Amino acid sequence: MRVLISGYYGFGNIGDEAILATLVSVLRERRPDMQICVLSAKPEHTATAYQVQAAPRWDLRSIWRELKAADLFISGGGGLLQDTTSLLSPLYYLGLMRLARAAGTPYVILGQGLGPLRRSLVRWAARRCLSRAAAITVRDAESLAVARSLGVTGEINVTCDPAILLQPAEPASIQALLAGHGVNTARPLVGITVRVWPHIESVTDAIVPLLQAARDQWEAEILLIPFQPPGDVALAWRLAAESKVPVILLDQLSDPRQCVGVIARLRLLVSMRLHGLIFAAAQAVPAIGLAYDPKVLAFAGQAGQPAFSLAELQPDALIAKAREILENADATTATRRLSARRLRRAALANFDVLDCVIAGLAPRKVDDVAR
């Protein structure tokens, strides 16, 4: 069995690399003899990092050759089908599905977040491609609503982002990493993830007072955790410069398993990055979402995490919520662990549906496979 996987891979985004790491790990666990090829912006790096075959994502000849050789094409994980950031992104991923159909290769849309899709051309193309997929799983109910609004009527399973399954790196390696950055692990650790976004000043204006409260009132060690260079790193440096308290920037963190391991050590995470919230939920770590996009609110709702839309974000409210969470963290541990188990079961359902496709069976409903 040979599969070709497509996604936002090879760009150094920790969240998307976590999805790929999970896909490769679970596929190999279930089917050790499976041959895996990945379309990547940096195929040599991807091949080495995940011990897979890899092909350049923009080389049409390579893509066609790999599609013809594959038994199944997986459009895998992340927010690939949305036209908020650009028109090119959805047309690229939908174009791959169209090529797969032309090559006679069945395709699966696996654990994706759909939308927003505002342009009529993209909505038309998405409806055609989704309607012809061998199976579709989406990571939240909002994505299901987007698919139904397009007119897609077939079976769609609501699961969870596959990255929730990613295991952290070994504790000893995380301890060494933190020690190498001078982190005092005797203090409570508070993590912050931010990303470049229009009007980001309103976010930084709210976070800087939080950093000051975390250090002065809670005696915390503050870790800034960029998820994608160079933008996240530059913004983290800006936060570090504007805050009047010591902070530690983990700007060399590129392995998603290390990132999960660091977040597992936190007392609190405040995150604009969706996969920051996903990693926190997986490790039962208290978290607050800063929702620049509906997908952040959608996951926070799934995981029972509080979240602020950027329009309502105020420093006093953010500090008050952080204080409340820290004061009640121990009492709510059991609830977070139950949520983590539920989300993992839902994420595993992606692969149960995929098993059905590989076996030539009609995909079962998630209710039947995720219990």
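Our subject is the structure that appears above.
Numbering of residues starts from 1 in every chain and runs along the sequence as written. With the structure being a predicted model, the display of local features is reserved for residues of pLDDT at least 70 and the display and counting of side-chain atom pairs for 80 or more, all residues being used for whole-chain, interface and lining totals. In computing side-chain values, all of the structure's heavy atoms are included and hydrogens and water are not.

A.B. asks: Looking at this model, I keep getting lost on the packing of aromatic side chains. Mind explaining?
C.D. replies: Each pair of aromatic rings is reported with the distance of its centres and the angle of its planes. Two aromatic rings, drawn from Phe, Tyr or Trp (for Trp, its six-membered ring), form a pair once their centres lie within 6.5 Å of each other, and the interplanar angle then sorts them: stacked below 30 degrees, edge-to-face above 60, tilted otherwise. By the definition in use, this model includes five aromatic pairs. On the basis of an interplanar angle of 55° and a centroid distance of 4.6 Å, the ring pair of Trp58 and Tyr92 is categorised as tilted. Pair noted here: Trp58 is in the loop between strand 3 (53-56) and helix 3 (60-69) and Tyr92 is in helix 4 (residues 88-103), with a separation of 34 residues, a long-range link. Accessibility expressed as a relative area gives 55% for Trp58, which makes it exposed. Numbering of helices and strands starts at the N terminus; helices are DSSP runs of H or I of at least 4 residues and strands are runs of E of at least 2. Relative accessibility decides the category of a residue: with a 1.4 Å probe and only protein chains considered, values under 20% of the type maximum give buried, values over 50% give exposed, and everything between is partly exposed.

A.B. asks: Could you clarify how one ought to interpret a positive patch on the surface in this entry?
C.D. replies: Think of a patch as exposed residues, more than 30% relative accessible area, with no salt bridge, where like charges cluster within 9 Å and nonpolar side chains (Val, Leu, Ile, Met, Phe, Trp, Tyr) cluster within 5 Å. Accessible surface area values rest on a Shrake-Rupley calculation with a 1.4 Å probe, where residue burial reflects the displayed protein chains alone. In what follows, salt bridge is the name for a side-chain nitrogen of Lys or Arg lying within 4 Å of a carboxyl oxygen of Asp or Glu. Only four residue types enter the tally: Lys and Arg on the positive side, Asp and Glu on the negative side, with His and both chain ends excluded. For the purpose of locating charges, the reference atoms are NZ of Lys, CZ of Arg, CG of Asp and CD of Glu. Where like charges cluster on the molecular surface, the positive patch consists of Arg98, Arg101, Arg127, Arg128 and Arg132. Elements that contribute at least two residues to the positive patch include exactly helix 4 and helix 5 (120-131). Mapped onto the elements, Arg98 comes out in helix 4. For Arg98, a relative accessible area of 47% corresponds to the partly exposed category.

A.B. asks: Can you help me understand the packing of helix 12 (residues 294-303) against helix 14 (residues 333-358) in this one?
C.D. replies: Two quantities define a packed helix pair, namely the angle between the helix axes and the distance between the axes. Direction vectors running N to C along helix 12 and helix 14 enclose 115°, while the axes themselves pass 9 Å from each other. Contacts between helix 12 and helix 14 involve Phe299, Gln302 and Ala303 from the first element and Ser339, Arg342 and Leu343 from the second. Geometry is summarised by axes, namely lines fitted to C-alpha atoms with helices restricted to the contacting stretch, and by angles between N-to-C directions that run from 0 to 180 degrees. By definition in these notes, contact holds between two residues if any of their heavy atoms fall within 4.5 Å.

A.B. asks: Would you mind going over the sheet that holds strand 8 (residues 189-193) with me for this structure?
C.D. replies: Strands pair in a sheet through their backbones, by hydrogen bonds, and they do so in one of two ways: parallel or antiparallel. DSSP calls a pair of strands paired once it identifies at least 2 bridges connecting them. Judged by pairing direction, the sheet is parallel, and its six strands sit side by side in the order 10-9-8-11-12-13 without closing on themselves. Of all strands in the sheet, those with a lone pairing partner are strand 10 (248-249) and strand 13 (307-309), marking the two edges. In this sheet, strand 12 (residues 287-291) lies alongside strand 11 (residues 268-271) in parallel orientation, the contact comprising three bridges. In the sheet register, Ser271 faces strand 12, and the bridge partner there is Gly289.

A.B. asks: I tried to follow the pattern of salt bridges on my own but got confused; where do I start?
C.D. replies: Side chains that differ in charge, positive against negative, can pair when their charged atoms come close. Going through the model one piece at a time under the given rule, you end up with 11 salt bridges. Put simply, Asp232 and Arg273 hold a salt bridge, and the shortest N to O gap is 3.0 Å. Placement of Asp232 in helix 9 (residues 231-242) and of Arg273 in the loop between strand 11 and helix 11 (274-282) is noted, with a sequence separation of 41 residues between them. For the pair Asp232 and Arg273, a shared accessibility class is recorded, and that class is buried. Between Glu324 and Lys321 there is a salt bridge, with its nearest N and O atoms 3.3 Å apart. Of this pair, Glu324 and Lys321 both sit in helix 13 (residues 315-327), separated by three residues, roughly a single helical turn. Taking the relative accessible area as the measure of exposure, Glu324 reaches 41% and is therefore partly exposed. Taken together, the shared-partner salt bridges connect Arg30, Asp352 and Asp355 into one network.

A.B. asks: For this particular structure, what's the right way to read the pairing of strand 12?
C.D. replies: The two faces of a sheet get side chains in turn, since along a regular strand they alternate between them. Most of strand 12 is tucked away, with five of its five residues classed as buried. Alternating residues of strand 12 divide into Ala287, Gly289 and Ala291 and Ile288 and Leu290, and every residue in both groups is buried. Consider the strands pointing away from the viewer: the crossover is right-handed when the path from the first strand over the helix to the second runs clockwise. In the classification by handedness, the crossover that spans strand 11, the intervening helix 11 and the parallel strand 12 is right-handed. Inspection of the sheet shows strand 12 paired to strand 13 by three bridges, in the parallel sense. What sits directly across from Ala291, in strand 13, is Ser309. Viewed along the sheet, the connection from strand 12 through helix 12 into strand 13 turns out right-handed.

A.B. asks: Would you explain the sheet that holds strand 2 (residues 35-40) in this entry?
C.D. replies: Strand order in the open sheet formed by seven strands is 3-2-1-4-5-6-7, and the pairing between neighbours is parallel. Every other strand in the sheet has two partners, leaving strand 3 and strand 7 (157-158) as the edge strands with one partner each. When strand 4 (residues 72-81) meets strand 5 (residues 107-114), the two strands line up parallel, connected through six bridges. Across the sheet, the residue bridging to Phe73 is Tyr107, located in strand 5. Relative to strand 4, helix 1 (residues 14-30) is tilted by about 150°, and along the sheet it contacts strand 1 (2-6), strand 2, strand 4 and strand 5. Against the sheet, helix 4 contacts strand 1, strand 2, strand 4 and strand 5, and its axis sits at roughly 165° relative to strand 4.

A.B. asks: Explanation requested: the side chain of Arg273 in the structure shown.
C.D. replies: For Arg273, a relative accessible area of 9% puts it in the buried group. If we skip the residues at most four places from it in the chain, Arg273 touches Asn13, Thr193, Val194, Arg195, Phe227, Gln228 and Asp232.

A.B. asks: Explanation requested: the pairing of strand 3 in the structure shown.
C.D. replies: In this structure, strand 2 lies alongside strand 3, joined through four bridges in parallel fashion. Of the residues in strand 3, the one forming a bridge with Val38 is Ala54.

A.B. asks: Sorry if this is basic, but what is going on with helix 6 (residues 141-150) here?
C.D. replies: All buried positions along helix 6 are accounted for by Ser143, Val146, Ala147 and Leu150. The buried residues of helix 6 occupy an angular sector of 95° when projected down its axis, which confines them to one face. Tucked into the core, helix 6 has its buried residues touching strand 5, helix 5 and strand 6 (135-138). Throughout, the arc means the angular range of directions from the helix axis out to the C-beta atoms.

A.B. asks: I tried to follow the environment of Thr46 on my own but got confused; where do I start?
C.D. replies: Locating Thr46 in the fold gives a position in helix 2 (residues 43-50). Using a relative accessible area of 0% as the deciding quantity, one classes Thr46 as buried. Along the sequence, Thr46 and Gly77 sit 31 residues apart, while their C-alpha atoms lie 16 Å from each other.

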